[in-house]
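Given next are the chains, with one letter for each unit.
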Amino acid sequence: MAIFGLWVVNKAGGLVYQRNFADGLAQLTSNEYLVLAGTLHGIHAITSRLSPIGFSSGAQVIEGESFKMTIFLTVTGTKFVLLTSLSETAAESVLQKIYEAYADAVMKNPFYTPEMPIRSDGFDTRIIALVGTGQ
Amino acid sequence: MRPNIYDRNLNRTRTAEISASAFAFLFSEMVQYTQKRVSGINDLERRHVYFLSLSLSLTTHRLNTLGYRVGVRVLELMVWRAESSSKTPKREIRFLPALMSIHTQVWRAVFGRPADAIEKNMIIDNDPLLERHISVPRDFSTLSCSSFAAGIVEAVLDGLGFPARVTAHNTPTQQYPSRTTILIKLEQSVLEREQVLK
């Protein structure tokens, strides 16, 4: 059970926060993370139209062979994406706590411009305290 | 017929609390409001460093002023409540007891707990409530949002008869990264009066 990384994607599909924790995924350049986040944003939008029974949220979990992505979509369109090992069971609860840290350390920070990249010591400290090494 | 809020007993909300989150959002907006640029500063924008320091001192001054307006009301309410609950209400005429009452009573009334330390002319708060969710960017490291609290202290001192210049400074330690010092510079007239009263 491991947490590999966290992405926070704004409502336009731009990556505003990215952090790696435990080893297990390829190391990418910041540009590659930006592209992947934008791609995920598009895919998520498409998946919300795929349900045969009418209204549906976008994909909540996407599983690969060696990892899975758990996506938490807020009411304002921000996406919190947690990349974890397949056996990780706490992804959803960790995302809830990350969302709380975001509501406090980012949203209540007068020096943060909404939808822009997050550069906040307060947020970093809380995320590190929450996830630790990800092991 | 709903009673007028101004006719309510002032002791009614004595121990009332408000949502820390609601206040944090309000204070965040206040800080952003104080950061708005002064018009006609275009020439200075070219010299970024000068503009930045001017902008920071404006923000500090505006936050201090906002705090001052709160401090005037805090003092009045505190004195009214103290008088109505004590048989022998006392008025402090020496600086040190006045400073103690700010450290304990004002801090408790405004922030819910006494300040952490007191020195000759300073009040220290290891984890200011105002700054709980604020992360100041490196460029602005000299800005302390506790200038608002400094304004409150300045108003209380003015009202008690100790005119002073009160400023807030970031004095972080390993253990307390948000540690803040409120520095009080009493006016010469007060220093002279303190000497006489010795």
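Cut-off values and rules
Residues numbered from 1 in each chain as written. Chains lettered and ligands numbered in written order. Predicted model: local features only at pLDDT ≥ 70, side-chain atom pairs only at ≥ 80, totals over all residues. Heavy atoms only, no water. Helix = DSSP H or I, 4+ residues; strand = E, 2+ residues; numbered from the N terminus. Contact = heavy atoms within 4.5 Å. Buried area = accessible area lost by both parts, 1.4 Å probe. Salt bridge = Lys/Arg side-chain N within 4 Å of Asp/Glu carboxyl O. Polar contact = N/O pair within 3.5 Å; in protein donor to acceptor, adjacent residues only side chain to side chain. Pairing = 2+ DSSP bridges. Axes fitted to C-alpha atoms, helices over the stretch in contact; angles between N-to-C directions. Core = buried A, V, L, I, M, F, W, Y, C linked by side-chain atoms within 4.5 Å. Buried < 20%, exposed > 50% of the residue type's maximum accessible area, 1.4 Å probe, protein only. Parallel < 35°, antiparallel > 145°, perpendicular 65-115°, else oblique. Left-handed = near helix turned anticlockwise from the far one by under 90°. Phe/Tyr/Trp six-rings, centres within 6.5 Å; stacked < 30°, edge-to-face > 60°. Lys NZ or Arg CZ within 6 Å of the ring centre and 35° of its normal.

**Student:** Is there a simple way to think about the environment of Leu 160 of chain B in this case?
**Tutor:** All names here are of chain B. By the secondary structure assignment, Leu 160 is in helix α5 (residues 147-160). Once the C-alpha coordinates of Leu 160 and Glu 92 are considered, the two residues, 68 residues apart in sequence, prove to be 7.6 Å apart. Ignoring sequence-local partners within four residues, the contact set of Leu 160 consists of Leu 75, Arg 91, Glu 92 and Ala 98.

**Student:** I would appreciate a short explanation of the interface of chain A and chain B in the present structure.
**Tutor:** Interface size is often expressed as the accessible area that is lost when the parts come together. Listed as interface residues are 12 residues of chain A and, on the opposing side, 16 residues of chain B. Summed over both sides, the interface of chain A with chain B buries roughly 1100 Å², with 60% coming from carbon and sulfur. When the buried area of chain A at its contact with chain B is split by residue, Lys 108, Pro 110 and Phe 111 of chain A rank highest and sum to 68% of it. Across the contact surface, chain A and chain B share one salt bridge. A salt bridge links Arg 138 of chain B to Asp 121 of chain A, with the nearest nitrogen and oxygen atoms 3.1 Å apart. Counting every contact that joins chain A to chain B gives five residue pairs in polar contact (both at pLDDT 80 or more). The set of elements that each furnish at least two residues to the side of chain A that touches chain B consists of α2 (91-106) and α3 (121-131) of chain A.

**Student:** Teacher, can you tell me more about the sheet that holds strand β5 (residues 79-84) of chain A here?
**Tutor:** Adjacent strands of a sheet form backbone hydrogen bonds with each other and so pair up, either parallel or antiparallel. All names here are of chain A. With antiparallel pairing, the five strands of this open sheet are ordered in space as β2-β1-β5-β4-β3. Since the sheet does not close on itself, it has two edges, and those belong to β2 (15-20) and β3 (61-63), each with one partner. Taken pair by pair, the neighbouring strands of this sheet meet at an average axis angle of 15°, ignoring direction. Against the sheet, α2 engages β1 (3-9), β4 (68-73) and β5, with an angle of about 140° to β5. Relative to β2, α3 is tilted by about 40°, and along the sheet it contacts β1 and β2.

**Student:** How do you make sense of the nonpolar core when you look at a structure like this?
**Tutor:** Side chains that are nonpolar tend, in soluble globular proteins, to be buried together. Formed by 39 residues in total, the largest nonpolar core has its most connected members in Phe 27, Trp 107, Leu 157, Ile 182 and Ile 184 of chain B. Those elements giving two or more residues to this core turn out to be α1 (20-34), α3 (48-85), α4 (95-111), α5, β3 (164-170) and β4 (180-186) of chain B.

**Student:** Could you clarify how one ought to interpret the packing of α2 of chain A against α3 of chain A in this entry?
**Tutor:** What describes two packed helices is the angle between their axes and the distance between those same axes. Residue and element names in this part refer to chain A. Their axes nearest at 9 Å, the elements α2 and α3 cross at an angle of 160°. As summarised for this structure, α2 and α3 are arranged roughly antiparallel, according to the angle between their axes. The way α2 lies across α3 gives a crossing that is right-handed. Here α2 contributes Val 94, Lys 97, Ile 98, Glu 100, Ala 101, Tyr 102, Asp 104, Ala 105 and Val 106 to the contact with α3, which in turn contributes Gly 122, Phe 123, Arg 126, Ile 127, Leu 130 and Val 131.

**Student:** Teacher, can you tell me more about the packing of aromatic side chains here?
**Tutor:** In this description, an aromatic ring pair is defined by two values, namely the gap between the centres and the angle between the planes. In the structure shown here, the tally under the stated rule is 12 aromatic pairs over all chains. Cation over ring: Arg 193 of chain B sits above Phe 162 of chain B, and NZ or CZ is 5.1 Å from the ring centre.

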